[in-house]
There are 2 protein chains.
Amino acid sequence: MNNRYCVIMSGGVGSRFWPFSRTDCPKQFLDFLGTGRSLIQMTYDRFVRLIPKENIFIASNEVYKDLILEQLPEIQEDRILLEPQRRNTAPCIAWAAYHIQAINPNANIVVAPSDHLILNETAFLSVIEQGFDFVSSRPALLTLGITPNRPETGYGYIQVGENGENGISTVKTFTEKPNAELAKVFVESGEFFWNAGIFLWNVQSIIKAIQRYLPEISSRFEEGIPVYNTDAEKDFIAHNFPACPNISIDFGVMEKASNVFMLQADFGWSDLGTWGSLYDRLAKDKEDNVVLKCKTLMYESKGNIVAVPRKLVVLNGLEDFIVAESDNVLLICKKEEEQRIRQFVTDAKMKFGDEFV
Amino acid sequence: MNNRYCVIMSGGVGSRFWPFSRTDCPKQFLDFLGTGRSLIQMTYDRFVRLIPKENIFIASNEVYKDLILEQLPEIQEDRILLEPQRRNTAPCIAWAAYHIQAINPNANIVVAPSDHLILNETAFLSVIEQGFDFVSSRPALLTLGITPNRPETGYGYIQVGENGENGISTVKTFTEKPNAELAKVFVESGEFFWNAGIFLWNVQSIIKAIQRYLPEISSRFEEGIPVYNTDAEKDFIAHNFPACPNISIDFGVMEKASNVFMLQADFGWSDLGTWGSLYDRLAKDKEDNVVLKCKTLMYESKGNIVAVPRKLVVLNGLEDFIVAESDNVLLICKKEEEQRIRQFVTDAKMKFGDEFV
């Protein structure tokens, strides 16, 4: 138990979920489903059942420090790794690995996003237990692959190779998001799984992999070995973190390493990456509308997702739209066009400054 | 001048303009166009240029007393005729006539709604002056007819007979709202004018007409002659007003009387009865959208009217809709279905009580 560590990554801005997700309070800090707990709080709640509280780290951006302290008062401030700039997941994971290695060189680490939805907690915990057992006994990089239930085009897929025991396989390829036709082929083949972005490894395994595949990152963090967990760490990071290349752990390590394995999982997972993925997950009324946190009167309206907290929303003749309001922004957008929301956010910032983003 | 009187009718609930118009603050009390003055204030502002302040009366429902006193502090409380129940325009006009007769039996009265838009104030004042001159010298019931600029199906029309001088004609018929085909014929004929619901008459003329065509109303108000402008008037009205039949002055008197004349007018009038009529009046952007009181980003969206005060509204793929939010209600409704808004209000009341209406 005491070798188990967790890194919850929560530095994202979640702009595809605008206007709910805002630069100063992105999606992971929101109580999206009205359960009373934000996504990051729910993520913490899950891991604290398996991992000692003092071994749980939050990796995030400096600007979210106060939000994290407020939402997770159980977390000590020295467990929050605050990145001075956004550099994607590889530098984040590298820092966390070197930092944890300095505390416990035998650490086994699970790395997970803070803003995903997991409906079956029992299944999740059992999978994480199994993953810890696997990576603590061999130099493997383990990723979780979700059994796909539909030809989703919004996720990356993992193609498995040889099947070993207990749902653990070798990995043939990591793929980018497929088009609809390809996604269908993927799902029907039975060889492809959704890439959930949840990883497990021993701290030595990941450091070795970074040294081999991302030496420009590992060489910087090697230099910091004398300062991790000291007062000098903050200054060291302020100087070195921004100099790291902006690169994901998938692209930088997982797609290249030969000791990558996938653990097949099925725990009601969604990355909640977009309004559409939220729509797909949630219960619908008889006209296929999803209603979040508001009252509605619907007339000849179907296939919509409506999230306008605390209001009455009356819809007439609207089909397959996102209707989402938060604070000072109302978005009405065709569901099929939701990938453009990021552009809308950029446009809003260009045109009106920071008031609405 | 001192024989000139005005009755501003402001008891309506304006439910077609929901959610802006609410039962406890209907349309006439709203600063609809963001000018800083509500529609009733603008109506008062116009008449006070022609009519002594103490001769301006507000006829409304008891529930709006505080709103009127707040918005029109110049009006003395005894100039507000508060109806204990809604009974349409005939009982309202009858009471005002008997009440004013008790003050000045030579009064000439203009009766006007409080919630119309009039863009050309100078033309309006000149028409009202002309109307006063006309009705002060003969026993005529005069109504204003607006020169139609389009085949509007949302208005009643007045068909004129013989043309007299200065744009004053006899009246052949009053019509209900026509269908599109008929409206086109009306406008092309040149004989039809929009019924603006603005009337002028000498107090004796209207009392005589009510006595003749609505004796069940006049007989009640005759009984009150000893009490008008005394402390006993309120009790008298509380007992007698609710017993009046619910009937409009158009149907009860104007369509039946033979001394009805129409004064042709053209002063940029709209009854602002619906979102669509507001849309028609206002300036549009290059995609034919009308935006009120908010900022917008539009993508492939046209023909919409958007009124979501103080917010940024982002539209993608929306055409010919009303998007209106006020307080705790957001309405998204096809423009062509706006006549159903009244039903939506009824449904909201049935389902959720008074919270949203």
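Please read all numbers here as calculations on a predicted model, not as lab measurements.

Peer 1: In this structure, what is going on with the UniProt feature "domain: Nucleotidyl transferase" (unreviewed entry) in chain A? I would like to understand it.
Peer 2: In the numbering used here, UniProt assigns the feature "domain: Nucleotidyl transferase" (unreviewed entry) to residues 7–285 of chain A. End C-alpha atoms of residues 7–285 of chain A are separated by 38 Å, and the span's content is 35% helix alongside 22% strand.

Peer 1: I'm lost on the relation of the copies chain A and chain B in this one. Help?
Peer 2: Two chain copies, one operation linking them: a rotation about an axis together with a shift along it. Superposing chain A onto chain B requires a rotation of 180 degrees together with a translation of 0.0 Å along the rotation axis, leaving an RMSD of 0.0 Å. What the rotation and shift describe, once combined, is the action of a two-fold rotation axis. Interface overlap between copies is the fraction of interface residues in one copy that are interface residues in the other; for chain A against chain B it reaches 100%, indicating a shared surface.

Peer 1: Honestly, the packing of aromatic side chains in this entry has me stumped. Any pointers?
Peer 2: Geometry of an aromatic ring pair is reported as the spacing of the ring centres plus the angle between the planes. Residues and elements named next belong to chain A. Enumeration over the complete set of coordinates arrives at 40 aromatic pairs over all chains. Seen in terms of ring centroids, F20 and W275 are 5.2 Å apart; in terms of plane orientation they differ by 85 degrees. Their pairing is edge-to-face. Taken together, the residues span a long stretch of sequence, with F20 in the loop between strand 1 (4–9) and helix 1 (39–47) and W275 in helix 10 (residues 275–281) at a distance of 255 residues. In terms of burial, F20 and W275 fall into one category: buried. The interplanar angle of 55 degrees and the centroid separation of 4.8 Å between the aromatic rings of Y155 and W269 together place this pair among those described as tilted. Remark: W269 occurs in strand 11 (residues 269–270) and Y155 occurs in the loop between strand 6 (141–146) and strand 7 (157–163); sequence separation between them is 114 residues. Here the two residues Y155 and W269 agree in accessibility, since each one is buried. Here the basic side chain of K335 rests over the ring of Y279, its NZ or CZ set 3.8 Å away from the ring centre.

Peer 1: Could you clarify how one ought to interpret the environment of E62 of chain A in this entry?
Peer 2: Residue and element names in this part refer to chain A. Positionally, E62 belongs in the loop between strand 2 (56–61) and helix 2 (65–71). Taking the C-alpha atoms as reference points, E62 and P84, separated by 22 residues in sequence, lie 5.7 Å from one another. Once residues lying within four places of it in the same chain are set aside, the contact partners of E62 are L82, E83 and P84.

Peer 1: What am I meant to see in the pairing of strand 6 of chain A here?
Peer 2: Regular strands place their side chains on alternate faces of the sheet. All names here are of chain A. Where burial is concerned, most of strand 6 is hidden: six out of the six residues are buried. Of the two faces of strand 6, both are covered, the one formed by L141, T143 and G145 as well as the one formed by L142, L144 and I146. Of the strand pairs in this sheet, strand 6 and strand 10 (residues 260–265) are connected by six bridges, and their pairing is parallel. Note on strand 10: the bridge partner recorded for L142 is F261.

Peer 1: What should I look at first to understand the state of the cysteines in this one?
Peer 2: Working definition: the covalent bond between the sulfur atoms of two cysteines is a disulfide. All names here are of chain B. Counting across every chain of the model gives zero disulfides over all chains. The structure places no disulfide on C25, whose sulfur is separated from the nearest cysteine sulfur, that of C294, by 19 Å. With no disulfide of its own, C92 has C244 as its nearest cysteine by sulfur position, at a separation of 11 Å. Residue class for C92 comes out buried when judged on its relative accessible area of 5%.

Peer 1: Teacher, can you tell me more about the pattern of salt bridges here?
Peer 2: Taken as a whole and assessed by the stated rule, the structure comprises 34 salt bridges over all chains. Of the charged contacts in the structure, one is a salt bridge between K172 of chain A and E191 of chain A, with a shortest N-O distance of 3.9 Å. With K172 of chain A in strand 8 (residues 168–175) and E191 of chain A in the loop between helix 5 (180–189) and strand 9 (192–202), this residue pair connects regions lying 19 residues apart in the sequence. With a shortest N-O distance of 3.1 Å, E325 of chain A and K311 of chain B are connected by a salt bridge. With E325 of chain A in strand 16 (residues 321–326) and K311 of chain B in the loop between strand 14 (305–307) and strand 15 (312–316), this pair bridges two chains. This pair shows no difference in class: E325 of chain A is buried, exactly as K311 of chain B is. Each of K311 and E325 of chain A together with K311 and E325 of chain B takes part in one network of salt bridges that share partners.

Peer 1: Please explain the UniProt feature "domain: MannoseP isomerase/GMP-like beta-helix" (unreviewed entry) in chain A as it appears in this structure.
Peer 2: The UniProt record marks residues 300–345 of chain A with the feature "domain: MannoseP isomerase/GMP-like beta-helix" (unreviewed entry), using the residue numbering of this structure. Counted over residues 300–345 of chain A, helix gives 11% and strand 43%. Its end C-alpha atoms are 30 Å apart.

Peer 1: Looking at this structure, how should I read the nonpolar core?
Peer 2: A general trend in soluble globular proteins is that nonpolar side chains are found buried together. Membership of the largest hydrophobic core comes to 47 residues, with the highest contact counts inside it found for V7, I109, L141, W201, F221 and V253 of chain B. Counting residues per element, this core draws most heavily on helix 3 (residues 89–103) of chain B, at nine residues. Discounting residues that sit within four places of it in the chain, I109 of chain B has contacts with Y5, V7, A97, I100, F132, F199, L200, W201 and V203 of chain B. Membership of the second largest hydrophobic core comes to 46 residues, among which are A59, A97, F193 and I207 of chain A.

Peer 1: I'm lost on the sheet that holds strand 14 (residues 305–307) of chain A in this one. Help?
Peer 2: Either a parallel or an antiparallel arrangement is found when strands of a sheet pair, and the pairing is made through backbone hydrogen bonds. Within the open sheet, the six strands sit side by side as 12(A)-14(A)-16(A)-17(A)-15(B)-13(B). Their pairing is mixed. Both outer strands of the open sheet, strand 12 (290–292) of chain A together with strand 13 (295–299) of chain B, are each paired with one neighbouring strand and no more. Averaged over all pairs of adjacent strands, the angle between strand axes in this sheet comes to 10 degrees, irrespective of strand direction. Pairing geometry for strand 16 of chain A and strand 17 (residues 329–334) of chain A, over six bridges, is antiparallel. When the sheet's bridge partners are listed, I322 of chain A is paired in strand 17 of chain A with C333 of chain A. Where helix 11 (residues 341–352) of chain A meets the sheet, its contacts fall on strand 16 and strand 17 of chain A together with strand 13 and strand 15 of chain B, and the angle it forms with strand 13 of chain B comes to roughly 140 degrees.

Peer 1: Looking at this structure, how should I read the sheet that holds strand 17 (residues 329–334) of chain B?
Peer 2: Pairing is mixed in the open sheet, where six strands are placed in the order 13(A)-15(A)-17(B)-16(B)-14(B)-12(B). One side of each edge strand has no neighbouring strand; the edge strands of this open sheet are strand 13 (295–299) of chain A together with strand 12 (290–292) of chain B. When strand polarity is set aside, the average angle formed by the axes of neighbouring strands in this sheet is 10 degrees. Docked against the sheet, helix 11 (residues 341–352) of chain B engages strand 13 and strand 15 (312–316) of chain A together with strand 16 (321–326) and strand 17 of chain B, running at close to 140 degrees with respect to strand 13 of chain A.

Peer 1: Teacher, can you tell me more about a negative patch on the surface here?
Peer 2: Residues and elements named next belong to chain A. On the surface, D285, E287, D288 and E319 cluster together into a negatively charged patch. Within the element layout of this structure, D288 appears in the loop between helix 10 and strand 12. Note on D288: relative accessible area 42%, which makes it partly exposed.

Peer 1: Would you take a moment to explain the interface of chain A and chain B for this structure?
Peer 2: Interface size is commonly expressed as the accessible area that is lost once the parts come together. Facing the 35 residues of chain A at the interface are 35 residues of chain B. Considering only the side of chain A, the residues that lose the most area to chain B are L312, N316 and L330 of chain A, jointly responsible for 21% of the buried surface there. Where chain A touches chain B, the interface holds six salt bridges. Linking K295 of chain A and E355 of chain B is a salt bridge whose minimum nitrogen-to-oxygen distance equals 3.7 Å. Looking at the side of chain A that touches chain B, the elements that each hand over two or more residues are strand 13, strand 15, strand 16, strand 17 and helix 11 of chain A. The greatest single-element share of the side of chain A that touches chain B, amounting to six residues, is contributed by strand 17 of chain A.

Peer 1: I keep staring at the packing of helix 3 of chain B against helix 6 (residues 203–213) of chain B and nothing clicks. Help me out?
Peer 2: Helix packing for two helices is described by the angle between their axes and how far apart those axes are. Residues and elements named next belong to chain B. The interhelical angle for the contact between helix 3 and helix 6, taken along N-to-C directions, is 135 degrees, at an axis separation of 10 Å. When the axes of helix 3 and helix 6 are compared, the pair comes out oblique. The handedness of the crossing between helix 3 and helix 6 is left-handed. Contact with helix 3, carried on its side by I93, A94, A97, Y98 and Q101, involves V203, Q204, I206, I207, I210 and Q211 of helix 6 and no other residues of that element. For the contact of helix 3 with helix 6, the per-class residue count stands at eight nonpolar, three polar and no charged.

Peer 1: Can you help me understand unusual backbone geometry in this one?
Peer 2: What you tend to see is this: most non-glycine residues have negative phi, and most peptide bonds are trans. Residues and elements named next belong to chain A. With omega at 5 degrees, the peptide bond leading from W18 into P19 counts as cis. Among the secondary structure elements, P19 is positioned in the loop between strand 1 and helix 1. For N166, which is not a glycine, the phi torsion comes out positive at approximately 55 degrees. Along the chain, N166 falls in the loop between strand 7 and strand 8.

Rules behind the numbers
- Per chain, the residues get numbers from 1 upward, laid out in the order the sequence is written.
- Each chain gets a letter, beginning with A, and each ligand a number, beginning with 1, in the order they are written.
- With the structure being a predicted model, the display of local features is reserved for residues of pLDDT at least 70 and the display and counting of side-chain atom pairs for 80 or more, all residues being used for whole-chain, interface and lining totals.
- In computing side-chain values, all of the structure's heavy atoms are included and hydrogens and water are not.
- UniProt positions are given in the numbering used here, feature names are shortened, and annotations may be inferred rather than shown by experiment.
- Under the scheme used here, helices are H or I runs from DSSP no shorter than 4 residues and strands are E runs no shorter than 2 residues, and both carry numbers assigned from the N terminus.
- C-alpha atoms of residues with pLDDT of at least 70 in both copies form the basis for the least-squares superposition of the copies.
- We call two residues in contact whenever any of their non-hydrogen atoms come within 4.5 Å of each other.
- Aromatic pairing here means that ring centres of Phe, Tyr or Trp (its six-membered ring) are within 6.5 Å. Orientation follows from the plane angle: under 30 degrees is stacked, over 60 is edge-to-face, and everything else is tilted.
- For each residue, the accessible area found with a 1.4 Å probe, counting protein chains only, is set against the maximum for its type, and the residue is called buried under 20%, exposed over 50%, and partly exposed in between.
- By definition here, charges over rings are those cases where NZ of Lys or CZ of Arg is within 6 Å of the ring centre and within 35 degrees of the ring normal.
- Here the rule is simple: two strands pair whenever DSSP picks up at least two bridges between them.
- Criterion for a disulfide: a pair of cysteine sulfur atoms at a distance within 2.5 Å.
- A carboxyl oxygen of Asp or Glu within 4 Å of a side-chain nitrogen of Lys or Arg is what we treat as a salt bridge.
- Nonpolar cores are built from buried Ala, Val, Leu, Ile, Met, Phe, Trp, Tyr and Cys residues. Side-chain atoms within 4.5 Å join them into one set.
- Convention adopted: a line fitted to C-alpha atoms gives each axis, helices being fitted over their contacting stretch, and angles between N-to-C directions are expressed from 0 to 180 degrees.
- Without a salt bridge and with relative accessible area above 30%, a residue can belong to a patch; like charges are then joined within 9 Å and nonpolar side chains (Val, Leu, Ile, Met, Phe, Trp, Tyr) within 5 Å.
- Per-residue and other accessible areas were derived by the Shrake-Rupley procedure at a 1.4 Å probe size, with only the shown protein chains allowed to occlude residues.
- When charges are tallied, Lys and Arg are placed among the positive residues and Asp and Glu among the negative ones, while His and the ends of the chain are skipped.
- Think of each charge as sitting on NZ of Lys, CZ of Arg, CG of Asp or CD of Glu.
- Defined in terms of a 1.4 Å probe, buried area is the accessible area two parts forfeit on being brought together, summed over both.
- Throughout this description, any angle smaller than 35 degrees is read as roughly parallel, any larger than 145 degrees as roughly antiparallel, any in the 65 to 115 degree range as roughly perpendicular, and the remainder as oblique.
- If you view the pair so one helix is near and one far, a crossing is left-handed when the near helix is turned anticlockwise from the far one by less than a right angle, and right-handed when it is turned clockwise.
- Side-chain classes follow a simple rule in which Ala, Val, Leu, Ile, Met, Phe, Trp, Tyr, Cys and Pro form the nonpolar group, Asp, Glu, Lys and Arg form the charged group, and the remainder, Gly included, forms the polar group.

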